[in-house]
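A closer look at the structure
As a plain string of letters, each chain reads:
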Amino acid sequence: MRRALSARLGVLLLAVAWLAGCAPMHEQLRGLVKEGQYKEAVARGETFLEENRFGPALPEEMYKVETLIAEAGLRIARRTDTVQAYRQFRKAVPETQATAALLTRAYAYEAAAWYRDITMQADSLRAHRAFRKRYPDSSTVAKSRLREAQIAFDHAQREGTMRALDRFQLLYKRWPEAAPLLREAAQQEGKVGFDAAVRAGSVDRWRAFNARFSGTEWAKRGAPYEVGLALQEARTRNTVKAYRAFSARYEKVPGIAKHLVAARQFEVEAAWLALGQSPADAVLVAFLRRYEFWPEAKRQGPAARIRLARTRLGIAISQGTEAALKMFLQVHGGWKQIGTVLGQARKALVRNVFARVKVTGTSAAYEEFIERFRTWPEARREVVEATSLSQQAR
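Conventions and cut-offs
Residues numbered from 1 in each chain as written. Predicted model: local features only at pLDDT ≥ 70, side-chain atom pairs only at ≥ 80, totals over all residues. Heavy atoms only, no water. pLDDT = per-residue confidence, 0-100. Contact = heavy atoms within 4.5 Å. Core = buried A, V, L, I, M, F, W, Y, C linked by side-chain atoms within 4.5 Å. Buried < 20%, exposed > 50% of the residue type's maximum accessible area, 1.4 Å probe, protein only. Helix = DSSP H or I, 4+ residues; strand = E, 2+ residues; numbered from the N terminus. Arc of directions from axis to C-beta. Salt bridge = Lys/Arg side-chain N within 4 Å of Asp/Glu carboxyl O. Axes fitted to C-alpha atoms, helices over the stretch in contact; angles between N-to-C directions. Parallel < 35°, antiparallel > 145°, perpendicular 65-115°, else oblique. Left-handed = near helix turned anticlockwise from the far one by under 90°. Nonpolar A, V, L, I, M, F, W, Y, C, P; charged D, E, K, R; others polar. Phe/Tyr/Trp six-rings, centres within 6.5 Å; stacked < 30°, edge-to-face > 60°. Lys NZ or Arg CZ within 6 Å of the ring centre and 35° of its normal.

A word on the confidence of the model for the protein chain. The predicted model of the protein chain has a mean per-residue pLDDT of 91, with 94% of residues at 70 or higher. Counting interchain partners and residues more than four positions distant, the pLDDT-below-50 stretch residues 1-20 has five contacts.

Turning our attention to the nonpolar core. With 62 residues, the main nonpolar core has Phe246, Tyr250, Phe287, Tyr291, Phe328, Phe369 and Phe373 as its most contacted residues. Ranked by residues supplied to this core, first place goes to helix H18 (residues 339-360) with nine residues. Among all residues touching Tyr291, those that are not within four sequence positions of it are Val240, Arg244, Glu267, Val268, Ala271 and Ala297. If you look at the next biggest cluster of nonpolar residues, it comprises 18 residues, including Ala70, Ala77, Val83 and Val93.

Of all the positions in helix H13 (residues 240-250), only Val240, Ala242, Tyr243, Phe246, Ser247 and Tyr250 are classed as buried. Around the axis of H13, the buried residues are gathered within 165 degrees of arc, so they sit on the same side. Exposed positions of H13 whose direction lies more than 90 degrees from the buried face are Lys241 and Ala248. The inward-facing, buried residues of H13 abut helix H11 (203-212), helix H12 (217-237), helix H14 (257-274) and helix H15 (281-291).

Let's shift gears to the pattern of salt bridges. In this structure the tally under the stated criterion is 33 salt bridges. The residue Arg212 makes a salt bridge to Asp166 at a minimum N-O spacing of 2.8 Å. Note that Arg212 is positioned in helix H11 and Asp166 in helix H9 (residues 162-172), a separation of 46 residues in sequence. According to the relative accessible area criterion, Arg212 is partly exposed, its value standing at 33%. For Asp166, a relative accessible area of 23% puts it in the partly exposed group. One salt bridge connects Lys191 with Asp195, and the closest N-O pair in it is separated by 3.0 Å. Of the two residues, Lys191 and Asp195 both sit in helix H10 (residues 179-200), four residues apart, roughly one turn of that helix. By relative accessible area, Asp195 is classed as partly exposed at 30%.

The next thing to look at is the packing of helix H3 (residues 38-51) against helix H4 (residues 59-80). Between H3 and H4, whose axes approach to 9 Å, the crossing angle comes to 150 degrees. Taken together, H3 and H4 sit at an angle that is classed as roughly antiparallel. Handedness of the H3/H4 crossing: left-handed. Together, Tyr38, Lys39, Ala41, Val42, Gly45, Glu46, Phe48 and Leu49 of H3 and Glu61, Met62, Val65, Glu66, Ile69, Ala72, Gly73, Arg75, Ile76 and Arg79 of H4 make up the contact between the two elements. Split into classes, the residues belonging to the contact of H3 with H4 amount to 10 nonpolar, two polar and six charged.

Our next topic: the packing of aromatic side chains. Summed over the entire model, instances satisfying the criterion amount to 23 aromatic pairs. The interplanar angle of 85 degrees and the centroid separation of 5.6 Å between the aromatic rings of Trp206 and Phe209 together place this pair among those described as edge-to-face. Of this pair, Trp206 and Phe209 both sit in helix H11, three residues apart, which is roughly one turn of the helix. Like Trp206, the residue Phe209 is buried in the burial classification. Taken together, a centroid distance of 5.6 Å and an interplanar angle of 55 degrees make the contact between Trp272 and Phe287 tilted. Here Trp272, found in helix H14, pairs with Phe287, found in helix H15; they are 15 residues apart in sequence, far enough to count as distant. Taking relative accessible area as the criterion, Phe287 reaches 4% and is therefore assigned buried. Members of the aromatic cluster, joined through ring pairs, are Phe194, Trp206, Phe209, Phe213, Trp218 and Tyr225. The ring of Trp294 is capped by Arg264, whose NZ or CZ atom sits 3.8 Å from the centre of that ring. One Lys or Arg, Arg305, reaches over the ring of Trp335 and ends 4.5 Å from the middle of that ring.

This is the structure:
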């Protein structure tokens, strides 16, 4: 009972002390702040701090008073809500443990006021960059960066060139805030470049376009244009070298199989024409080595084998020896599609041997010849003649 009475008495005495102006200074200042008497709160608080610089007020009381003075001062600045007001507040209030949080808030308010009243009034690249340089720790920085990216993108769009859109992407490629704009810029740059390449209609223009957009859908769309024009250029030159260069450049490009097949067909035709009428043995060998098993050389491959066989047979016949003709037949006997040439070689061998037998002129030589070539269709006439000559020689 005594304790309850003592507590009530303490509250009553505190109220009386408050009414008498004896309440702790921080309580008095809090009351003034609540009532909106900010200037009065600042004045009383500063007087209190000055009077108690060396005591007798406790440090805890000094801390609370200092905080409330700063709060009152910030509320005064908030009434005008201008850059100048916040700047004056931050200049006037020393940074201490008691004021640090309020100074941080003042910095945020000042940055917001600057962004609203100065940056957005100009709303230019320079204005946004100046804002972030002045207030790098502001929570509005991300908003400013997004707005700057939008302004820069609008500029690039109005210019409408690949160079402008590419420059935008280079400048803002590391900005997360600009991600949607970067995607749009890439798409627009692709369209601008694609349309320009169509109008130009040159291999070099398409080559530059596809290199710029390598790995994208634009490059996939542009590849057939480049490849088609490149094949036309190769056709204009119509040389083996041109077709080989084309195939080497584009053999790994997807979706152009028909162009590569055409290039191989044209290369085979060009190589065949380059052989001339009487090609050397080595030239024909080189042709067959490269093209013999190409599906595109179904016609030229066998023809080249026949021409090579004829060339070699001519050489064997010119040597005028049985050994040369036998070697030819041994080497080329298994070749397909040269039946006519093989027949000519066999006929030449028959004539060569028969001429030598006739020089010998003996019945035994004739009989040996007949036995050797009895089944050869190419030796029918010579076998008949050898039979007659053999009888005469007996």
